[in-house]
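Residue-level structure breakdown
Listed here are the chains, written in short residue letters.
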Amino acid sequence: MRRAQMITTYGVGAMVAIGDQSYVISGLDTWNLDTSITIHEPRLERRLGVDGFRLPPAASSSTGDGVRVRLFPEFYSCPGCHELKEFHKFGSPPGTSRCGACDKLLTPSRFVIACENGHLDDFPYAKWVHKGADPGRGHRLTLHSTGRTASLRSVIIRCSCGEEASMEGAFSRNALRSLNIFCEGRRPWLGRGAEQSGCKAIPRTLQRGSSAVWFPIVRSALSIPPWSETLQKRLNCSQYPMLKSSVRLWREGRVSYESLEELIRASGILDASRFTPKDVIEAVQLRVQLEESEVADSDGREPLEAAGELRREEYERLLFGTASVDREDDFECTRPPEDPDTPLPVGIERSMQVKRLREVRALWSFTRVEAPDSTTPETRRAALSIEDKGWLPAVEVIGEGVFLTLDTARLGEWERQKGVRQRADRIRDNHTAALRRRIMATNPKAVREIQSPISARYILLHTLAHALINEWSLESGYPAASLRERLYVSHDMAGLLIYTATSDSAGSLGGVVAQGEYKNLRNSLESALRRVSWCSQDPPCMESEAGGVDSLNLAACYACVLLPETSCETNNTFLDRAMLIGTPDESSVGYFALDE
């Protein structure tokens, strides 16, 4: 698997099928970091409270040692003798997954249980067969399939004592609770002895390959000036604490300037560069000033990530661009050349070409059963390691993009439309109801305080980003899965960044930047709006009262504006193409149809 997948798909605690066996990705405590690359992004480090990030190590071809895995689930079944028990009890020959009795290939258990606090365990087959009672030792389980139907009714678990039960009903929300089967706090990705006692959550039965088994919590940040500048990047080294301390002593008059210069030259930070000791001193002072002025977010959560402080800092840099850049800088953003014959499209206030950008994506934690959101409490965020390591796994993406902002005057007029408010309220109410359902079990007193932060502005920008990604994937040469959105939405922000989202060969071909030129932008936007004005699923799609997960979409489906999961920030929710082009009955609902 690719290193990027260790952040988004197969991170710590996730399950992966390799050959005829199943494993869970082991915790950070077991990772071999001998050859791992250190990644720095100061803004994200302070937001998540870590000292740095590490690129997931690649396995050595000779040792196979890098990111380790543990066997899970532990229960396997044999299609020959039908035995159902822990893998180590089958007596498999070393290096194989075969039954020691009949030499048939063993099959990992199809079912596991997980709770909302991130715990994971084998399905309790013995207790299920005996209606919640612990049968003790000496009972032998077997797995049978009648083949009469494709339902769970045909999956039968039998015990040597004569008891048997089908798997029908095992997936209902309260199936295990009704049998007094509770969570034991197991964390198999951290090894034996890592159980958390006192978990009061009710476990749920899940398919081993279900997406609900593992939801990553990924946090990301763009490298923006001054952090993206060459000299600041050089300060991301082991010498920085010493330089910081030395500059402080010099300012206090306890070290001479000459001694400080000599120390800077000896540190090696000036090697093969055009910088001087004075430049380094100024850079250190600037970093110290920024570090002291920024307040770290203790848990990395904001009511709406698109409105968070990280995004606001990026928005300001993207809005005004860069005057000059060094060849080693990670950020370059400029306005496209003015074209008097082709102005910006109506409704677009500014277009910026981001010719160079760097994004760091870190796996902060993960959840199970329920996808994470702004209300997810700390207890539901699973640990990546037994002890705090001071770092998180991360990858960096070098690419390009286009940043757009909407016309604020037109946006304000559009937001006042009654039809716009009604459609936005429908999505917001559904989102509020979903948030309250999730928090009800852990904090029922706080239910009334929960309100969705989603606004009509957010839905508009989000849907516009999807429409443009689908269009640009046809015009720029990138597959849609290689493009990604980044939204900037609050009462005083209305922007979106579409950029390359992969670190492979499709990272920076120049095709996206070209879409930011006025003529290309005008043509692609007109084409995108024509494309979403009709859907092959219409009229049901446009007339939909609710759609998607938790009914968080209106006029949106895979035939019109939905994207690959890697491209969307919110798992294809909060979308409504009527916000772009209006409805047959009310065109003013559409931002780009407001004048019609």
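Scope of this entry: the structure provided in the associated data block.

Quick word on the side chain of Glu 41
On the secondary structure map, Glu 41 appears in the loop between β3 (38–39) and α2 (42–48). The exposure class assigned to Glu 41 is buried, which follows from its relative accessible area of 1%. Non-local contacts of Glu 41, meaning those with residues more than four positions away in its chain, are made with Phe 53, Ala 221, Leu 222, Ser 223, Arg 358 and Val 360.

Description of the sheet that holds strand β1 (residues 15–18)
Read from one edge to the other, the open sheet built from three strands follows the order β1-β2-β5, with strand pairing classed as antiparallel. Across the chains shown, the open sheet's two edge strands, defined by having one partner strand only, are β1 and β5 (69–71). Here the strands of the sheet are splayed against their neighbours by 40° on average, with no regard to which way each runs. When strand β2 (residues 21–25) meets β5, the two strands line up antiparallel, connected through three bridges. Across the sheet, residue Val 24 finds its bridge partner in β5, namely Arg 70.

Observations regarding the pattern of salt bridges
Going through the model one piece at a time under the given rule, you end up with 34 salt bridges. The salt bridge partner of Arg 43 is Glu 314, with a shortest N-O separation of 3.4 Å. Of this pair, Arg 43 sits in helix α2 while Glu 314 sits in helix α8 (residues 309–320), and the two are 271 residues apart along the sequence. Classification of Arg 43 as buried rests on a relative accessible area of 1%. What makes Glu 314 buried here is its relative accessible area of 0%. We note a salt bridge from Arg 312 to Asp 492, for which the minimum N-O separation is 3.1 Å. In this pair, Arg 312 is assigned in helix α8 and Asp 492 in the loop between β19 (483–490) and β20 (493–500), connecting sequence segments 180 residues apart. The partly exposed category is assigned to Asp 492, whose relative accessible area is 41%. When salt bridges with common partners are traced through the structure, they connect Arg 43, Glu 313, Glu 314, Glu 359, Arg 361 and Arg 486 into a single cluster.

Considering the state of the cysteines
For the structure shown, the criterion picks out zero disulfides. Here Cys 102 is not disulfide-linked; the sulfur of Cys 78 is the nearest cysteine sulfur, at 3.1 Å. Its relative accessible area of 30% is what places Cys 102 among the partly exposed residues. No disulfide involves Cys 183; its sulfur sits 3.7 Å from the nearest other cysteine sulfur, which is in Cys 199.

Here's the deal with the packing of aromatic side chains
Applying the stated rule across the entire model yields 16 aromatic pairs. Every member of this aromatic cluster is reached through a ring pair, and the members are Phe 75, Phe 111, Phe 123, Tyr 125, Trp 128 and Phe 171.

Here we look at the pairing of β20
For β20, the buried fraction is high: eight of the eight residues fall into the buried class. Of the pairings in the sheet, the one linking strand β18 (residues 391–406) to β20 comprises five bridges and is antiparallel in character. Paired with Thr 405 across the bridge in β20 is Gly 495. The pairing of β19 with β20 spans eight bridges and is antiparallel. In the strand pairing of β20, Leu 483 is matched with Thr 500. In this antiparallel pair of consecutive strands, β19 and β20, the connection spans two residues.

Some details on the nonpolar core
In terms of nonpolar packing, the biggest core is built from 61 residues, with Leu 406, Trp 414 and Leu 580 touching the most fellow members. Put simply, the parts of the chain that give this core at least two residues each are β18, α9 (408–415), α10 (418–440), α11 (456–475), β19, β20, α13 (518–532) and α14 (578–581). Per-element accounting of this core gives the leading share, 11 residues, to α11. Apart from the residues lying within four places of it in its own chain, the contact partners of Trp 414 are Val 420, Ala 456, Arg 457, Leu 460, Met 579, Ser 588, Val 589, Gly 590, Tyr 591 and Leu 594. Counting 45 residues, the second largest nonpolar core, distinct from the first, contains Leu 48, Phe 53, Leu 190 and Ala 362.

Digging into α8
Given a rise of 1.5 Å per residue, 12 residues ought to cover 16 Å, and the 17 Å separating the end C-alpha atoms of α8 matches this to within 8%. For α8, every residue scored as buried is listed here: Leu 310, Arg 311, Arg 312, Glu 313, Glu 314, Tyr 315, Leu 318 and Leu 319. With its phi angle positive at about 75°, Gly 321 sits one or two positions after the end of α8.

What about α11?
Taking 1.5 Å per residue, 20 residues should reach 28 Å; α11 reaches 29 Å between its end C-alpha atoms and fits that length. Taking burial as the measure, the 20 residues of α11 include 18 buried ones, the bulk of the element.

Let's talk about the sheet that holds strand β9 (residues 111–114)
Here three strands make up an open sheet; going across it, the order is β10-β9-β14 and the pairing antiparallel. Edge positions in the sheet fall to β10 (120–122) and β14 (204–207), since each of these pairs with one other strand and no more. On average, each strand axis in the sheet is inclined to that of its neighbour by 40°, with strand direction left out of account. Across four bridges, β9 lies against β14 in antiparallel orientation. Its bridge partner being in β14, Phe 111 is matched across the sheet by Gln 207.

As for a negative patch on the surface
On the surface, a cluster of negative charge is contributed by Asp 29, Asp 51, Glu 387 and Asp 388. The topology assignment puts Asp 29 in the loop between β2 and β3.

Regarding the packing of α11 against α13
Remark: α11 packs on α13, axes separated minimally by 9 Å, with the N-to-C direction vectors making an angle of 110°. With respect to α13, the axis of α11 lies roughly perpendicular. For the pair α11 and α13, the crossing hand works out as right-handed. Between α11 and α13, the residues in contact are Leu 464, Ala 467, Leu 468, Glu 471, Trp 472, Leu 474 and Glu 475 and Leu 521, Ser 524, Leu 525, Ser 527, Ala 528, Arg 531 and Val 532, respectively. Split into classes, the residues belonging to the contact of α11 with α13 amount to nine nonpolar, two polar and three charged.

With respect to unusual backbone geometry
Between Pro 225 and Pro 226 the backbone carries a cis peptide bond, its omega angle lying at 0°. With respect to the helices and strands, Pro 226 occurs in the loop between β15 (215–222) and α4 (230–234). Between Asp 538 and Pro 539 the backbone carries a cis peptide bond, its omega angle lying at 5°. In the Ramachandran plot, Asn 180 falls in the positive-phi region, its phi being about 60° despite a non-glycine side chain.

So, the pairing of β1
Where β1 lies against β2, four bridges are found, and the strand directions are antiparallel. Bridge pairing in β2 places Ile 18 opposite Gln 21. Between the end of β1 and the start of β2, which pair antiparallel, lie two residues, with Gly 19 showing a positive phi angle near 65°.

Rules used throughout
Along each chain, residue indices are assigned from 1 in the same order as the chain's sequence is written. Where local features are concerned, this predicted model is filtered to residues with pLDDT of at least 70; where side-chain atom pairs are given and counted, the filter is 80 or more; whole-chain, interface and lining totals use all residues. As a rule here, side-chain values cover all heavy atoms of the structure and leave hydrogens and water aside. Only runs of H or I of at least four residues qualify as helices and only runs of E of at least two qualify as strands under DSSP, and these elements are numbered from the N terminus. Only protein chains enter the area calculation, which uses a 1.4 Å probe; residues under 20% of their type maximum are buried, those over 50% are exposed, and those in between are partly exposed. For this analysis, residues touch if any pair of their heavy atoms sits within 4.5 Å. When DSSP finds two or more bridges between two strands, those strands count as paired. Only the contacting stretch of a helix is used when fitting its axis, a line to C-alpha atoms as for every element, and angles between N-to-C directions run 0 to 180 degrees. The salt bridge definition used is simple: a Lys or Arg side-chain nitrogen within 4 Å of an Asp or Glu carboxyl oxygen. Only a pair of cysteine sulfur atoms within 2.5 Å counts as a disulfide in this structure description. For Phe, Tyr and Trp, where Trp contributes only its six-membered ring, two rings pair if their centres lie within 6.5 Å, and the inter-plane angle classes them as stacked under 30 degrees, edge-to-face over 60, or tilted in between. Among buried residues, those of type Ala, Val, Leu, Ile, Met, Phe, Trp, Tyr and Cys that are joined through side-chain atoms within 4.5 Å constitute a nonpolar core. By this rule the span expected of a helix is its residue count minus one, scaled by 1.5 Å. Like-charged residues are merged into a patch within 9 Å and nonpolar side chains (Val, Leu, Ile, Met, Phe, Trp, Tyr) within 5 Å, provided each residue has over 30% relative accessible area and no salt bridge. For the area figures, the Shrake-Rupley method with a 1.4 Å probe applies, and any residue is considered shielded solely by the protein chains shown. We count Lys and Arg on the positive side and Asp and Glu on the negative side, and we leave His and both chain ends out. The location of each charge is read from NZ of Lys, CZ of Arg, CG of Asp or CD of Glu. Working rule for angles: under 35 degrees goes down as roughly parallel, over 145 as roughly antiparallel, 65 to 115 as roughly perpendicular, anything else as oblique. Left-handed describes a crossing whose near helix is turned anticlockwise from the far helix through less than a right angle; right-handed describes the clockwise counterpart. Throughout, the ten residues Ala, Val, Leu, Ile, Met, Phe, Trp, Tyr, Cys and Pro are labelled nonpolar, Asp, Glu, Lys and Arg are labelled charged, and all others, Gly among them, are labelled polar.

Purely spatial values, then, with no claim about function.
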